[in-house]
Amino acid sequence: LHPLITGKRVEGYVRNITRLAGVQERDAQDPCRCGHICARAAVVLLRRRRGAVRRARRTLPQDPRSRELAIPKLEDGEPCPRTKGKEISPDFAAGLGTGPAYPVGLGTTGFLDYAPAENFDSKKWAGQKVLWAVEPSYDGPVLIRGRQIDGPHEVRFDEGDVPPRQIWMPAEDAPDERWRERPSYTRVRGSGCYGYQVDGPNFSLVIVFEARPISE
């Protein structure tokens, strides 16, 4: 055992690892068996971790288009947890999130300043330009969808009176060793807190932004 784990902490430590390793606690009282017990505990924990990773991979559909939206809702009165932005490349303005796909055009603080719906020949759907930039190291497909997390509305994309619900970037569009770019419009029904859900075969992430009229 670690030399800093003493007294009652030893008892608790032994009790926990023996439970995890499936060893009888009475056997753990013999100091000569401690190394064996710890080794068994480590093997058990490693196997459980690997099993959890395998289960997580099995439960994530490989085709992102078959995946449901999993954007959490805000409780009443909670502030919008906007995703922070950062510099992703000298070629672009700041992008939000951790990648591999970033929305560019919302600054580093996650605000979408939208133009009115009539600018898009639409009765309800306002919007603003957003560039999607995908890292050169990722050459798989990307699915982008979204919804309001403090209200009932969807996020939609691109042009039209009633714009599309998603952006699909197929793998075959990925350039060799260069950033992939997808100009778009993000369309919203009004002010509020919204989330993009960005999916690939082996990842799913949520990027949160706050929409406000461009005049603010």
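Residues numbered from 1 in each chain as written. Predicted model: local features only at pLDDT ≥ 70, side-chain atom pairs only at ≥ 80, totals over all residues. Heavy atoms only, no water.

Caption draft 1: Main features of the overall build of the protein chain. From N to C terminus, the protein chain includes three helices and eleven strands. Going residue by residue from the N terminus, the α and β elements of the protein chain occur as α-α-α-β-β-β-β-β-β-β-β-β-β-β. For the protein chain, buried positions account for 43% of its 216 residues. Residue pairs at least 24 apart in sequence account for 65% of intrachain contacts in the protein chain once pairs closer than 6 positions are excluded. Surface summary for the protein chain: the accessible area is close to 12,800 Å², and the carbon and sulfur share equals 49%. (Helix = DSSP H or I, 4+ residues; strand = E, 2+ residues; numbered from the N terminus. Buried < 20%, exposed > 50% of the residue type's maximum accessible area, 1.4 Å probe, protein only. Contact = heavy atoms within 4.5 Å. Areas by Shrake-Rupley, 256 points an atom, 1.4 Å probe, with all protein chains shown as cover.)

Caption draft 2: A look at the nonpolar core. If you look at the biggest cluster of nonpolar residues, it comprises 25 residues, and the most contacted ones within it are W132, V142, I144, Y196, V198 and F209. Where this core is concerned, the elements lending two or more residues are β4 (111-114), β5 (126-134), β6 (142-148), β8 (167-169), β10 (192-200) and β11 (203-213). The biggest single contributor to this core is β11, with five residues. (Core = buried A, V, L, I, M, F, W, Y, C linked by side-chain atoms within 4.5 Å.)

Caption draft 3: Structural view of the sheet that holds β8. Read across the sheet, five strands follow the order β4-β11-β10-β6-β8 without closing on themselves; strand pairing throughout is mixed. Edge positions in the sheet fall to β4 and β8, since each of these pairs with one other strand and no more. Strand-to-strand, the axes of this sheet are offset by a mean angle of 30°, without reference to chain direction. Taken together, the six bridges between β6 and β10 define a ladder with antiparallel strand orientation. Across the sheet, residue R147 finds its bridge partner in β10, namely G195. (Pairing = 2+ DSSP bridges. Axes fitted to C-alpha atoms, helices over the stretch in contact; angles between N-to-C directions.)

Caption draft 4: Here's a closer look at the packing of aromatic side chains. In this structure the tally under the stated criterion is eight aromatic pairs. A connected cluster of aromatic rings, assembled from ring pairs, spans W132, F157, Y194, Y196 and F209. Positioned above the aromatic ring of W168 is the side chain of R65, whose terminal nitrogen or guanidinium carbon lies 4.1 Å from the ring centre. Taking NZ or CZ as reference, R212 lies 3.9 Å from the ring centre of F111, over its face. (Phe/Tyr/Trp six-rings, centres within 6.5 Å; stacked < 30°, edge-to-face > 60°. Lys NZ or Arg CZ within 6 Å of the ring centre and 35° of its normal.)

Caption draft 5: Region of interest: the environment of R189. Its location among the elements puts R189 in the loop between β9 (180-188) and β10. R189 sits 33 residues away from R156 along the chain, and the two C-alpha atoms are 9.1 Å apart. Residues within four places of R189 in sequence aside, it is in contact with K124, W125, H153 and Y194.

Caption draft 6: The arrangement of unusual backbone geometry in detail. The residue after G99, namely P100, is reached through a cis peptide bond having omega 15°. Position of P100 relative to the elements: it lies in the loop between β2 (95-96) and β3 (101-104). For D158, which is not glycine, the phi torsion reads 70° and is therefore positive. Take D158: its relative accessible area is 17%, and that puts it in the buried class. Of note, E177 is a non-glycine position whose phi angle comes to about 55°, a positive value. The exposure class assigned to E177 is exposed, which follows from its relative accessible area of 75%.

Read these as layout, nothing more, since geometry by itself doesn't imply function.
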